[in-house]
Amino acid sequence: MSELSALSYLVLERLDAVVESMSRRVYSELPFYSEGDVSAVDLRRSIYSNLVPVLRSMSAAEPLDLGPARATGRERAEQNAPLPEVLRAFRIGFEELWHDLVTAARTTGIASDTSLVDAATTVWRLAGECTDALAIAYRASSTELAVQLEHRRLALLDALFLGTTTDTTTLWEIGEALGTPLSGRFLVAITRAGDGPELTARLRRHGVHSTWRWQPDALTGLLSIGSTAEAGVLDDLENCASEDMGVSALFEHLRDTPRALHDARIALTTLTHRGGKVVQYDPSPLAMLVSAAPVEAERISAAVLGELLALGVHERSVLIQTLRTWCANEGSPSRTAEQMHCHANTIRYRLRRIETLSGRSLRDPQQLAELVTALSALRVTAY
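Residues numbered from 1 in each chain as written. Predicted model: local features only at pLDDT ≥ 70, side-chain atom pairs only at ≥ 80, totals over all residues. Heavy atoms only, no water.

Trainee: Tell me about the nonpolar core, and name the residues and values.
Mentor: Tyr 33, Leu 51, Val 54, Met 58, Phe 94 and Leu 97 are the most contacted members of the largest nonpolar core, which totals 47 residues. If you list the elements that add at least two residues to this core, you get α1 (3-13), α2 (15-29), α3 (31-34), α4 (40-60), α5 (67-78), α6 (83-108) and α7 (113-162). With 12 residues, α6 is the largest single contributor of residues to this core. Apart from the residues lying within four places of it in its own chain, the contact partners of Val 54 are Leu 64, Phe 94, Leu 97, Leu 126 and Cys 130. The next biggest cluster of nonpolar side chains, apart from the first, holds 20 residues, and it includes Ile 347, Ile 354, Leu 371 and Ala 374. (Core = buried A, V, L, I, M, F, W, Y, C linked by side-chain atoms within 4.5 Å. Buried < 20%, exposed > 50% of the residue type's maximum accessible area, 1.4 Å probe, protein only. Helix = DSSP H or I, 4+ residues; strand = E, 2+ residues; numbered from the N terminus. Contact = heavy atoms within 4.5 Å.)

Printed below as a string of structure tokens:
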């Protein structure tokens, strides 16, 4: 029997005490273990199952069974243990094992210091094999778990968008999985081209948590904006959107996500401002009506504003903006003039021009309603 084999048998004879010593040191030095993520019984079992194959390999010169090391790697990955701490626990175990071997050698005289130097090569080779096997199994299991979690997260997000679950408990579980509160300040965004991770990273820098999902026809995102200003979020989306993007109106509970997605899809068919990519849903009744029927909206705008729309780009834009501003200011020429930085008489002239081109009077309620409807319809046309 070799000197190392003899020393190994001595350690095996007092295995329970060795395991207990290793366990105490791991608990005292490593936060993941000391904070109760691994029970004392589980830790001792793990140390025992990993230590016995090492001692048998040393005592009988048989191949090392790496099954326990791989099993520990998989188990700690499932517990979300930090890999550096798990590897450190193994190093502590081998440090304690080496200390026991040296103590046994010097107490019994079984092995000389020269023999211990040779034995050290074997011990630390076995340590390397164990930690390598553990790390490989840990990473493989972590990858598998991450894929499973991602699949579950996307399935839950699909359920949320489709509205297939509405009870509060399930919605709360979905929110937990997505890292999103059940109630708060939310937006839904949809675009036919984009990079979900890039959008996520950009929005996160401004305090917005977002989750994106490629559906068959579009990239769809749930945005939890917290206390971030809504206008700031829209600006961020504008700056990083590669294609037109529809955004819902603000909503306050996850149960309203399916409706918000519907609204974002409608918004994607509209053009609320020229030259921009991001379009937010307008919840006003008239806007909803024309947005829901884009083909009819184009027909209405052409029928009511056809002659105006046939003007040159500059004159057409000025007249349309004047009418919009006039409507937003309750039909006040003076307030409209102030906002457009011109004289009130200029506004009155433009309004008369609009009446002439459209053949409709701004003083007739029915004809005014037709003009306002056509103005709203322009948001879903190319004008």
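Trainee: Please give an account of α5 that cites residues and values.
Mentor: Structurally, the α-helix is built with 3.6 residues per turn, so residues lying three or four positions apart point the same way. The terminal C-alpha atoms of α5, which comprises 12 residues, lie 17 Å apart, in line with the 16 Å expected from a rise of 1.5 Å per residue. Of the positions making up α5, those classed as buried are Pro 68, Ala 69, Thr 72, Gly 73, Arg 76 and Ala 77. Considering only its buried residues, α5 is in contact with α3, α4, α6 and α7. Just past α5, the residue Asn 80 takes up positive phi, approximately 60°. (Expected span 1.5 Å × (residues − 1).)

Trainee: Before we move on, could you go through the pairing of strand β3 (residues 219-224) and cite the residues and values that matter?
Mentor: With six of its six residues buried, β3 lies for the most part within the structure. Relative to β3, strand β1 (residues 183-191) runs antiparallel, the two sharing six bridges. Bridging across to β3, Thr 191 finds its partner in Leu 219. Judged from the six bridges that link them, strand β2 (residues 209-214) and β3 form a sheet pairing that is antiparallel. In the sheet register, Trp 212 faces β3, and the bridge partner there is Gly 221. From the end of β2 to the start of β3, which pair antiparallel, there are four residues. (Pairing = 2+ DSSP bridges.)

Trainee: Lay out unusual backbone geometry with the relevant residues and their values.
Mentor: Within the chain, Asn 80 stands out as a residue other than glycine whose phi angle is a positive 60°. Along the chain, the position of Asn 80 falls in the loop between α5 and α6. Of the residues examined, Asn 80 reaches a relative accessible area of 64% and is grouped as exposed. At Glu 330, a position not held by glycine, the phi torsion is positive, near 55°. For Glu 330, the position within the fold is in the loop between α14 (313-328) and α15 (333-340).

Trainee: I'd love a proper account of the side chain of Asp 158, names of residues and values included.
Mentor: Here Asp 158 lies in helix α7. Within the local environment of Asp 158, its side chain forms a polar contact with the side chain of Arg 213, the two groups lying 2.9 Å apart. Setting aside its immediate chain neighbours within four residues, Asp 158 contacts Arg 213 and Gln 215. (Polar contact = N/O pair within 3.5 Å; in protein donor to acceptor, adjacent residues only side chain to side chain.)

Trainee: Break down the environment of Ala 6 for me, citing the residues and quoting the values.
Mentor: Here Ala 6 is to be found in helix α1. The exposure class of Ala 6 is buried, given its relative accessible area of 16%. Separated by 235 residues in sequence, Ala 6 and Ala 241 have C-alpha atoms that sit 70 Å apart.

Trainee: Please provide a residue-by-residue account of the environment of Leu 178, values included.
Mentor: Along the chain, Leu 178 turns up in helix α8 (residues 168-178). Excluding anything up to four places from it in sequence, Leu 178 contacts Arg 153, Leu 157, Leu 160, His 209, Thr 211 and Leu 222.

Trainee: Quick one: what's the story with the pattern of salt bridges, residue by residue and with numbers?
Mentor: If you walk through the whole model with that rule in mind, you get 20 salt bridges. Across the pair Arg 44 and Glu 20 runs a salt bridge, and its minimum N-O distance is 3.7 Å. Note that Arg 44 is positioned in helix α4 and Glu 20 in helix α2, a separation of 24 residues in sequence. Under the relative-accessibility criterion, Glu 20 is labelled partly exposed at 30%. Among the salt bridges present, the one from Glu 75 reaches Arg 76, with a minimum N-O distance of 3.8 Å. Ionic contacts of the salt-bridge type, sharing partners, join the residues Arg 25, Glu 29, Arg 88, Glu 95 and Glu 96 into one network. (Salt bridge = Lys/Arg side-chain N within 4 Å of Asp/Glu carboxyl O.)

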